[in-house]
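# Coordinate analysis (summary)
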Amino acid sequence: MTYTGFHAVEERIRRAIAEHKTSSLSIQFANPGPRVKKILSLAKENGISCTQVTDADLDKLTQSLPVQSRDHRGIVLTASGEDSNATNQVSLEQWLSVPREKACVIMLDSVTDPHNVGAILRSCDQLGADLCILSERRSASDVQHNETIARSSAGASAYVPCATVTNLVRAAEQLKNAGFWLYAADARGTSVNKTTFADKTCIIMGSEGSGISRLLSEQCDTFIAIPTCGKIDSLNVSVAAGILLYEVRRQSL
């Protein structure tokens with residue numbers, strides 16, 4: 001698998017160091033600036049191969065990636081023997097089998113922009129969400145978007161556990177059976193300022209266009225909204241997710 005972007009490359013290296021699995025990594029770089037030099041220093045200290053090449057070589061190496069990931073910024077990391085599936089993928093059933101008194105889960109329904117998914121995962125990492133649930137269909141969870149998600153998440157996608165499920169309604173039922181309270185983000189809901197989140201909370205975010213599907217909405221226990229004062233009608237889904245995750249964390253401290 002190929003990684004581009006300073007944050008994604010550096011975090012992939014740090015994860016490999018923590019797991020003692022640096023031998024599968026290699027770096028190619030061109031005309032290093034200060035940020036690249038810092039990453040190269042970390043890589044060389046841990047025995048990762050670093051080879052200087054031309055910008056044209058890096059362009060060729062990244063030409064098969066999604067457009068947004070081709071801006072390599074002068075450094076590309078390759079993880080040999082690693083497929084395109086994220087190593088932090090977990091089974092929802094197995095995750096739920098571990099008893100938890102408190103947990104925060106975020107579920108994404110039809111969030112198809114990989115930049116939004118990446119930004120949400122970054123918020124999950126920073127604000128202590130325990131799991132992100134995505135759908136196999138109508139989402140940015142598929143293989144072709146993994147590089148973009150990794151880049152947009154600033155490397156957080158390497159750490160946040162993610163469960164990809166075939167049926168979000170069924171996943172919602174499983175969460176409820178495990179004692180989770182389901183909060184659907186909806187502009188018509190109760191203000192988050194007046195909401196006390198349960199110890200086991202699942203926040204459900206829908207797409208900016210169609211929102212949360214009807215069947216999934218029917219599984220939700222309550223609807224919550226972020227009070228705003230602007231002239232446009234909604235927040236970007238990743239921004240809204242970050243605000244709600246912050247409020248869950250604030251209440252838990």
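Heads up: these notes are all about the structure in this document. (Residues numbered from 1 in each chain as written. Predicted model: local features only at pLDDT ≥ 70, side-chain atom pairs only at ≥ 80, totals over all residues. Heavy atoms only, no water.)

Read from one edge to the other, the open sheet built from six strands follows the order β7-β6-β5-β9-β8-β10, with strand pairing classed as parallel. Looking at which strands have only one partner, the edges of the open sheet turn out to be β7 (162-165) and β10 (222-225). Neighbour-to-neighbour, the strand axes of the sheet open up by a mean angle of 30°, direction not taken into account. Sitting on the sheet, helix α5 (residues 114-127) is in contact with β5 (103-109), β6 (131-135) and β7, with an inclination near 175° to β5. The sheet contacts of helix α9 (residues 237-252) involve β5, β8 (181-191), β9 (200-206) and β10, and relative to β9 the element is tilted by about 165°. (Pairing = 2+ DSSP bridges. Helix = DSSP H or I, 4+ residues; strand = E, 2+ residues; numbered from the N terminus. Axes fitted to C-alpha atoms, helices over the stretch in contact; angles between N-to-C directions. Contact = heavy atoms within 4.5 Å.)

Our focus in this paragraph is a nonpolar patch on the surface. Together, Leu 235, Val 239 and Ile 243 make up a nonpolar patch on the protein surface, roughly 200 Å² of accessible area in all. Inspection of the secondary structure assignment puts Val 239 in helix α9. You can call Val 239 partly exposed: its relative accessible area is 41%. (Patch = residues over 30% accessible without salt bridge, like charges linked within 9 Å, V, L, I, M, F, W, Y side chains within 5 Å. Areas by Shrake-Rupley, 256 points an atom, 1.4 Å probe, with all protein chains shown as cover. Salt bridge = Lys/Arg side-chain N within 4 Å of Asp/Glu carboxyl O. Buried < 20%, exposed > 50% of the residue type's maximum accessible area, 1.4 Å probe, protein only.)

Strand order in the open sheet formed by four strands is β1-β4-β2-β3, with mixed pairing between adjacent strands. Looking along the sheet, the strands with just one partner apiece sit at the ends: β1 (2-4) and β3 (49-52). Going across the sheet, the axis of each strand differs from the next one's by a mean of 20°, ignoring polarity. The pairing of β1 with strand β4 (residues 75-79) spans three bridges and is antiparallel. Its bridge partner being in β4, Tyr 3 is matched across the sheet by Leu 77. Set on the sheet, helix α2 (residues 34-45) makes contact with β2 (25-29), β3 and β4; between it and β2 the angle comes to about 150°.

For the coordinates displayed, the defined rule picks out zero disulfides. The structure places no disulfide on Cys 104, whose sulfur is separated from the nearest cysteine sulfur, that of Cys 124, by 7.4 Å. Overall, Cys 104 belongs to the buried group, its relative accessible area being 7%. (Disulfide = S-S within 2.5 Å.)

The residue Ser 157 is located in the loop between α6 (146-152) and β7 in this model. Separated by 111 residues in the primary sequence, Ser 157 and Asn 46 have C-alpha atoms spaced 22 Å apart. Residue contacts for Ser 157: discarding those within four places in its chain leaves Asn 88, Leu 121, Ile 149 and Ala 150.

Inspection of every chain in the model, using the stated rule, returns two aromatic pairs. The interplanar angle of 40° and the centroid separation of 6.2 Å between the aromatic rings of Trp 95 and Phe 180 together place this pair among those described as tilted. One end of the pair, Trp 95, is in helix α4 (residues 92-96); the other, Phe 180, is in the loop between α7 (168-177) and β8, with 85 residues separating them in the sequence. Exposure class is identical for Trp 95 and Phe 180. Each is buried. A cation over a ring is seen here: Arg 100 above Trp 95, with NZ or CZ 3.8 Å from the ring centre. (Phe/Tyr/Trp six-rings, centres within 6.5 Å; stacked < 30°, edge-to-face > 60°. Lys NZ or Arg CZ within 6 Å of the ring centre and 35° of its normal.)

So yeah, pure geometry; function would need other evidence.
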